[in-house]
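Below are the chains, spelled out letter by letter.
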Amino acid sequence: MRLRTGSSDGFDYVFSKPDGTPVHPESMSTAFNHAVKKSGLRRIRFHDLRHTHATVGLLAGVPLKVMSERLGHESIFITADLYSHVLPSMQQDATDKIASLILGDAVPA
């Protein structure tokens, strides 16, 4: 939007008005709630999309550092602390992959 409006405020808003100024967070939440209700899907908060993105990314094997950067966290420790519930479920997969590399086809995938 900034390219189209010529806004040079120096901010990279995810959502902005046509003039480049930020959309109030409550406006986004209201619009999101309306869209979810209209869709018939189970109600979730707008912020839950962020958590879903992080959880699915980690489960898909996206490196912690990459997810940390995508979420705008200052360090991977913040990301690991917030999403550590995902990491234990990944332990068996990691064990299987490492064992498979070391032992070859002797370990079922």
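These numbers come from a predicted model, not from an experiment. (Residues numbered from 1 in each chain as written. Predicted model: local features only at pLDDT ≥ 70, side-chain atom pairs only at ≥ 80, totals over all residues. Heavy atoms only, no water.)

Re the nonpolar core
Judged by nonpolar contacts, Ala 54, Leu 58, Met 67, Leu 71, Tyr 83 and Val 86 together constitute the single largest core of six residues. If we ignore the near neighbours within four places in the chain, the residues touching Val 86 are Thr 55, Leu 58 and Leu 59. (Core = buried A, V, L, I, M, F, W, Y, C linked by side-chain atoms within 4.5 Å. Buried < 20%, exposed > 50% of the residue type's maximum accessible area, 1.4 Å probe, protein only. Contact = heavy atoms within 4.5 Å.)

Side note on the packing of aromatic side chains
For the structure on display, the rule yields two aromatic pairs. Between Phe 32 and Phe 46, the ring centres sit 5.2 Å apart and the planes meet at 70°, which makes this aromatic pair edge-to-face. Of this pair, Phe 32 sits in helix α2 (residues 25-39) while Phe 46 is found in the loop between α2 and α3 (48-59), placing the two residues 14 residues apart along the sequence. Taking relative accessible area as the criterion, Phe 32 reaches 15% and is therefore assigned buried. Its relative accessible area of 27% is what places Phe 46 among the partly exposed residues. Through a chain of ring-to-ring contacts, the aromatic side chains of Phe 15, Phe 32 and Phe 46 assemble into a single cluster. (Phe/Tyr/Trp six-rings, centres within 6.5 Å; stacked < 30°, edge-to-face > 60°. Helix = DSSP H or I, 4+ residues; strand = E, 2+ residues; numbered from the N terminus.)

Re helix α4 (residues 64-71)
At 3.6 residues per turn, the α-helix brings residues three or four places apart onto the same side. Of all the residues in α4, the buried ones are Met 67, Ser 68 and Leu 71. The buried residues of α4 all sit within an arc of 105° when viewed along its axis, so they share a single face. Among the exposed residues of α4, those pointing more than 90 degrees away from its buried face are Lys 65, Glu 69 and Arg 70. The inward-facing, buried residues of α4 abut α3 and α5 (76-82). (Arc of directions from axis to C-beta.)

As for the confidence of the model for the protein chain
With 85% of its residues at a pLDDT of at least 70, the protein chain reaches an overall mean of 84. When mean pLDDT is taken per element in the protein chain, α4 scores highest with 95 and helix α1 (residues 2-5) scores lowest with 54. (pLDDT = per-residue confidence, 0-100.)

Some words on the layout of surface pockets
Taken as a whole, the largest pocket encloses approximately 480 Å³ of empty space. Lining the largest pocket are 14 residues, and of these Val 14, Phe 15, Phe 46, His 47 and Arg 50 lie nearest its centre. Breaking the lining of the largest pocket down by element, the ones donating at least two residues are α2, α3 and α4. (1 Å grid on protein atoms, 1.4 Å probe; cavity = no way out; pocket = protein on both sides within 12 Å on 5 of 7 lines; lining within 4 Å. Points joined across faces, edges and corners; volume = space filled by probe spheres on them.)

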